[in-house]
Amino acid sequence: MAEWMTAPVRAERVAGEGEHRPADLFLVAVAAIGAKRAEHDWLGAPRGRHERLGDGQQYLRRFDGGAVCWSSRTGAHEVHGPVAERWESLGAEASPLGFPITDSAAIARADGTTRAGGHAHFEGGSLYWSPEHGACVVRGMVRDIWALLGWERSALGLPVGDTELDDDGLLSCRFEHGRIAWTSSTGPLVEISAAGAAGSRAGEIGAPAAPIRLDPATERRLARVTPGFAPPD
């Protein structure tokens, strides 16, 4: 292994400017990207040099099996497969998703077993991919509510499409077993459906008359999704 990959790197600040020198930040990025590559041997060999992204001091390096991104805000994280492809198609780090804040990971069923697919979390949302539904973007308050309920292991399951914002300010996303919606005026709406029945919580008008029976853990989580559920100040 090259000496520069193992030696400690110290980023210094320019006196009076309060910012790291670009050359130092590049060395920080190279070391962090190299360390992340060492964690994941399956990434394989590099396909080129480190790429500088945008106007800031943020970098990416592509490998045979994926890519590793670094920024001073997020550190180094890898993305690969259909999740990476969708992220890049949206504009990568310049998209509303921004930089990844986790590595790519498997997705799980409610019982904890894994299922085909993968996901990664980003500064501005999450990308979940499955063979059945493709790579879907979940963002905003919809993502926050889904996270509170347990992500893909919740009663809702995986997203089946992107989170959408309509002209009336309704942010919504459909899942395998229901829907989450939110507006600043009405708050959250959670619909959970299964076996021909449907249940609704917090903020829905015209809820079905026959709610489904949910497990106690889901009920407790739904109880936290109150009409006043809103972004923190």
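Procedures and definitions
- Residues numbered from 1 in each chain as written.
- Predicted model: local features only at pLDDT ≥ 70, side-chain atom pairs only at ≥ 80, totals over all residues.
- Heavy atoms only, no water.
- Helix = DSSP H or I, 4+ residues; strand = E, 2+ residues; numbered from the N terminus.
- Buried < 20%, exposed > 50% of the residue type's maximum accessible area, 1.4 Å probe, protein only.
- Polar contact = N/O pair within 3.5 Å; in protein donor to acceptor, adjacent residues only side chain to side chain.
- Contact = heavy atoms within 4.5 Å.
- Core = buried A, V, L, I, M, F, W, Y, C linked by side-chain atoms within 4.5 Å.
- Salt bridge = Lys/Arg side-chain N within 4 Å of Asp/Glu carboxyl O.
- pLDDT = per-residue confidence, 0-100.
- Patch = residues over 30% accessible without salt bridge, like charges linked within 9 Å, V, L, I, M, F, W, Y side chains within 5 Å.
- Areas by Shrake-Rupley, 256 points an atom, 1.4 Å probe, with all protein chains shown as cover.
- Lys, Arg positive; Asp, Glu negative; His and termini not counted.
- Charge placed at Lys NZ, Arg CZ, Asp CG, Glu CD.

K.L.:
Describe the side chain of His 77, and please don't skip the residues or the numbers.
P.N.:
Secondary-structure assignment places His 77 in strand E4 (residues 75-79). In this structure His 77 comes out as buried when scored by relative accessible area, which is 13%. A polar contact of 3.3 Å, which involves the side chain of His 77, links it to the side chain of Asp 103. Sequence-distant contacts of His 77, that is, excluding residues within four places in its chain, are made with Lys 36, Ala 67, Val 68, Cys 69, Pro 100, Ile 101, Thr 102 and Asp 103.

K.L.:
How would you explain the nonpolar core if you had to name every residue and give the values?
P.N.:
One broad trend across soluble globular proteins is that nonpolar side chains are buried collectively. Grouped together as the largest cluster of nonpolar side chains are 22 residues, with contacts concentrated most on Ile 145, Leu 149, Phe 175 and Ile 180. When contributions to this core are tallied by element, the ones reaching two or more residues are helix H4 (140-149), strand E10 (171-175), strand E11 (178-183) and strand E12 (187-194). Broken down by element, this core gets its largest block of residues, six residues, from H4. Excluding residues within four positions of it along the chain, Ile 180 makes contact with Val 142, Ile 145, Trp 146, Leu 149, Leu 156, Leu 171, Ser 172, Cys 173, Phe 175 and Leu 189.

K.L.:
Tell me about the pattern of salt bridges, and name the residues and values.
P.N.:
Across all of its chains, the model carries 11 salt bridges by this definition. Among the salt bridges present, the one from Arg 62 reaches Glu 51, with a minimum N-O distance of 3.0 Å. Taken as a pair, Arg 62 in strand E2 (residues 59-63) and Glu 51 in strand E1 (residues 51-52) lie far apart in primary sequence, 11 residues in all. Of the charged contacts in the structure, one is a salt bridge between Glu 88 and Arg 62, with a shortest N-O distance of 2.7 Å. Taken together, the residues Glu 88 in helix H3 (residues 81-90) and Arg 62 in strand E2 connect sequence positions 26 residues apart. The class for Glu 88 is partly exposed, based on a relative accessible area of 36%. Using a relative accessible area of 29% as the deciding quantity, one classes Arg 62 as partly exposed. One continuous salt-bridge network, built from bridges that share partners, spans Lys 36, Glu 39 and Asp 103.

K.L.:
Summarise the confidence of the model for the chain; cite the residues concerned and give the values.
P.N.:
In the predicted model, the chain carries a mean pLDDT of 84, and the fraction of residues at 70 or more is 80%. Across residues 1-17, where pLDDT falls below 50, the model places 19 contacts with residues more than four positions away in sequence or in other chains. In the predicted structure, residues 195-210 sits below a pLDDT of 50 and forms 33 contacts with residues beyond four places in sequence or in another chain.

K.L.:
So, the environment of His 50: which residues are in play, and what are the values?
P.N.:
Here His 50 shows up in the loop between helix H2 (22-39) and E1. Linking His 50 and Arg 62, residues 12 residues apart in sequence, is a C-alpha distance of 7.7 Å. Residue contacts for His 50: discarding those within four places in its chain leaves Phe 26, Val 30, Ile 33, Leu 60 and Arg 61.

K.L.:
An account of a positive patch on the surface is needed here, citing residue identities and associated values.
P.N.:
A contiguous patch of positive charge, built from Arg 153, Arg 220, Arg 221 and Arg 224, is present on the exposed surface. Positionally, Arg 224 belongs in the segment after helix H5 (216-223).

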